[in-house]
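# Structural description and commentary
Below, each chain spelled out in residue letters.
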There are 2 protein chains.
Amino acid sequence: MTGALALVGLGPGSKQYLTLRAMEVLQACDAVVGYTAYVDLVAAWFPSETRRWVRGKLGQEYERATEAIRLAQDGLRVALVSTGDATIYGMGGPLWETLARQGWDSAAPDPPVEVVPGVTAALSANALLGAPLADDVALISLSDVVAPWSLIAERLDAAARADFVLALYNPASSRRREGIGEAQRMILKHRASSTPVALVRNALRADQQVWVTTLGEFLETEMAIDMSTVVIVGNRQTTCVGSYLVSRRVPREAAR
Amino acid sequence: MTGALALVGLGPGSKQYLTLRAMEVLQACDAVVGYTAYVDLVAAWFPSETRRWVRGKLGQEYERATEAIRLAQDGLRVALVSTGDATIYGMGGPLWETLARQGWDSAAPDPPVEVVPGVTAALSANALLGAPLADDVALISLSDVVAPWSLIAERLDAAARADFVLALYNPASSRRREGIGEAQRMILKHRASSTPVALVRNALRADQQVWVTTLGEFLETEMAIDMSTVVIVGNRQTTCVGSYLVSRRVPREAAR
């Protein structure tokens, strides 16, 4: 049996931002398992008549992890894919939780598992914006499908207070529109309304969109905020360079 | 004039974790500017007799940014390189601060600037560990060369309190050994001493090293902690799967 499982981060969703290792694994594998839209991406980049394409639904992450493990145990080289880095709000959690539940043994792994890292959405957004992430950063998902809003709110407040640059993932969905407004109100307690904020949608894909605005006004572009958007909230050190942003690390002198 | 400047993230420092775009830019460029060890990496991957190799020293980030801009204004295609993602504790801040100071105009850019994102060290470490970063994450540099320790401490406390997974960059240098101990004491105020902690050094390079230990005991491996190490501190949801780690997103039910 030569089965193996690779968790592969596809990056922003353009072939040119794949890592060489991700490309190698995707070209060599026998089966690709993932959310439909992501499997379609891989099928377009690396067409194959013989490879098995297993397309899953949103919300069925644990089913996909189980299926990927089973196929690998059956002897296939399986790529379980997510966009960005596959662990940052991707399939990493469901995969490793499932392996743990199944009693997977890291000393004699069946299947062997490799994690191939990828460029997460905050880094793709940053690349379009210049360098807003050049100081300490907090990544926060606003999705309360799993986590309770009380915890998300606590993290928003703590990170805003301690002046982290914020990268907000999953800021809103078609059903969930209130969280981003509440986030704005909470962050405004700690930062000026003139603080630079950028909305980046489908970063580094053909249909990318970028808005550079402010903490006080970014909800006016609310139509731009959905599950494909990352919201970058600058900290007290973030300034505009034309249409770009840079966050300067606080100099020791300034803090005296 | 065809000059252009690309800020290129080299990823962990193995060729196979470069993005295709980074590879394309590095192969096509006329000059590579960076810290000596990083320029050496690129020279080994993509040797060239004609390309200009500009090796700089640690601590001279602004000089390197200025030189890279000047060469691009002179008509060269310049790659300014850092490992990981070039903005996360890399050359992104110095580059964009220098562009701002020079009055660089984003509407008529001279030189045009492209940022090529890369796999940052926290993601490389995560790939070796399974999925410790599968919940909200705070990236914090413990280097107080620029930022004051008071701010670093405030961020450590806030992120530990609000139960972020922590990725600590630059945890110690040959001169600076106290910060990581103080960080441990601060985090212990909010988390059990049994909390999983991983030390990952030179992740995804030939000489990589991984230690999975606990918050209470990780300083016993202090020799492993230097500028090439990332320290991943689990949150209350982080558990071990054999020698791997996974952080489960807090379920809403558990929070009731």
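Residues numbered from 1 in each chain as written. Chains lettered and ligands numbered in written order. Predicted model: local features only at pLDDT ≥ 70, side-chain atom pairs only at ≥ 80, totals over all residues. Heavy atoms only, no water.

## Focus on helix α5 (residues 121-129) of chain B
All names here are of chain B.
- Burial analysis of α5 places 7 of its 9 residues in the buried class, which makes it a mostly covered element.
- All of the buried residues along α5 are A122, L123, S124, A125, N126, A127 and L129.
- Positive phi appears at G130, one or two residues downstream of α5, with a value of about 110°. (Buried < 20%, exposed > 50% of the residue type's maximum accessible area, 1.4 Å probe, protein only. Helix = DSSP H or I, 4+ residues; strand = E, 2+ residues; numbered from the N terminus.)

## Overview of the relation of the copies chain A and chain B
- When chain A is fitted onto chain B, the two copies agree to an RMSD of 0.0 Å after a turn of 180° and an axial shift of 0.0 Å. Viewed as a symmetry operation, the transformation between the two copies matches a two-fold axis.
- Looking at chain A, 100% of its interface residues are interface residues in chain B too, so the copies touch through the same face. (Least-squares fit on C-alpha atoms with pLDDT ≥ 70 in both. Contact = heavy atoms within 4.5 Å.)

## Quick word on unusual backbone geometry
Residue and element names in this part refer to chain A.
- A cis amide bond links D110 to the next residue, P111, at an omega of 5°.
- Among the secondary structure elements, P111 is positioned in the loop between α4 (92-101) and β5 (113-116).
- In this structure, N202 takes a positive phi of about 50° despite not being glycine.
- Looking at the secondary structure, you find N202 in the loop between β9 (196-201) and β10 (209-214).
- Assessed through its relative accessible area of 18%, N202 is described here as buried.

## Here we look at the pattern of salt bridges
- Counted according to the given criterion, the structure contains 36 salt bridges over all chains.
- Between R21 of chain A and E114 of chain A there is a salt bridge, with the nearest N and O atoms lying 2.8 Å from each other. Taken as a pair, R21 of chain A in helix α1 (residues 20-28) and E114 of chain A in strand β5 lie far apart in primary sequence, 93 residues in all.
- Across the pair D74 of chain B and R70 of chain B runs a salt bridge whose closest N-O atoms are separated by 3.1 Å.
- D74 of chain B gets classed as partly exposed once you look at its relative accessible area, which sits at 48%.
- Among the residues examined, R70 of chain B registers a relative accessible area of 38% and is labelled partly exposed.
- Each of D135, D136, D163, R191, R236 and R249 of chain A together with R155 of chain B takes part in one network of salt bridges that share partners. (Salt bridge = Lys/Arg side-chain N within 4 Å of Asp/Glu carboxyl O.)

## Some words on the interface of chain A and chain B
- Each partner contributes residues to the interface: chain A has 70 residues there, and chain B has 70 residues.
- Together, the buried faces of chain A and chain B total about 5900 Å²; carbon and sulfur atoms form 64% of this surface.
- For chain A, the biggest contributors to the area lost against chain B are L20, R155 and R249 of chain A; these three give 12% of the whole.
- Linking chain A with chain B are 8 salt bridges, by the criterion used here.
- At the junction of chain A and chain B, the tally comes to 30 residue pairs in polar contact (both at pLDDT 80 or more).
- When residues of the side of chain A that touches chain B are assigned to their parent elements, the largest contribution, 7 residues, is made by helix α6 (residues 149-161) of chain A.
- One ladder, built from 3 bridges, connects strand β7 (residues 137-141) of chain A with strand β7 (residues 137-141) of chain B; its direction is antiparallel. (Buried area = accessible area lost by both parts, 1.4 Å probe. Polar contact = N/O pair within 3.5 Å; in protein donor to acceptor, adjacent residues only side chain to side chain. Pairing = 2+ DSSP bridges.)

## Description of empty space enclosed by the protein
- Taken as a whole and judged by the stated rule, the model has 1 cavity of 30 Å³ or more.
- Computed from the structure, the largest cavity encloses a volume of approximately 100 Å³.
- Residue lining of the largest cavity: 14 residues in total, with T120 and L139 of chain A together with T120, L123 and L139 of chain B positioned closest to the centre.
- Looking at the lining of the largest cavity, the elements that each hand over two or more residues are α5 (121-129) and β7 of chain A together with α5 and β7 of chain B.
- Across the lining of the largest cavity, the residue classes tally to 12 nonpolar, 2 polar and no charged. (1 Å grid on protein atoms, 1.4 Å probe; cavity = no way out; pocket = protein on both sides within 12 Å on 5 of 7 lines; lining within 4 Å. Points joined across faces, edges and corners; volume = space filled by probe spheres on them. Nonpolar A, V, L, I, M, F, W, Y, C, P; charged D, E, K, R; others polar.)

## As for the packing of aromatic side chains
- In the structure shown here, the tally under the stated rule is 12 aromatic pairs over all chains.
- Ring centres of Y244 of chain A and W104 of chain B lie 5.5 Å apart, and the angle between their planes is 65°; this geometry places the pair in the edge-to-face category. Taken together, the residues span two chains, with Y244 of chain A in strand β13 (residues 244-247) and W104 of chain B in the loop between α4 (92-101) and β5 (113-116).
- What links up through ring pairs into an aromatic cluster is the set W96 and W104 of chain A together with Y244 of chain B.
- Of note, R155 of chain A hangs over the ring of F164 of chain B, and the distance from its end group to the ring centre comes to 5.7 Å. (Phe/Tyr/Trp six-rings, centres within 6.5 Å; stacked < 30°, edge-to-face > 60°. Lys NZ or Arg CZ within 6 Å of the ring centre and 35° of its normal.)

## Quick look at the environment of Q209 of chain A
Residue and element names in this part refer to chain A.
- Take Q209: it is sitting in strand β10.
- Judged by its relative accessible area of 31%, Q209 falls in the partly exposed class.
- Placed 10 residues apart in sequence, Q209 and L199 show a C-alpha to C-alpha distance of 8.0 Å.
- Ignoring anything within four residues of it in the chain, the contact list for Q209 reads L199, V200 and R201.
- At a separation of 2.8 Å, a polar atom in the side chain of Q209 contacts the side chain of R201.

## Quick notes on the nonpolar core
- Of all hydrophobic cores here, the largest spans 133 residues; its most connected members are V8, L95 and W96 of chain A together with V8, L95 and W96 of chain B.
- No other element matches the 6 residues that α5 of chain A contributes to this core.
- Residues in contact with W96 of chain A, not counting those within four places in the same chain, are W104, V113 and V115 of chain A together with G130, A131, V241, Y244 and V246 of chain B.
- Formed by 56 residues, the second largest nonpolar core is a distinct cluster that contains I152, F164 and L168 of chain A together with A153 of chain B. (Core = buried A, V, L, I, M, F, W, Y, C linked by side-chain atoms within 4.5 Å.)

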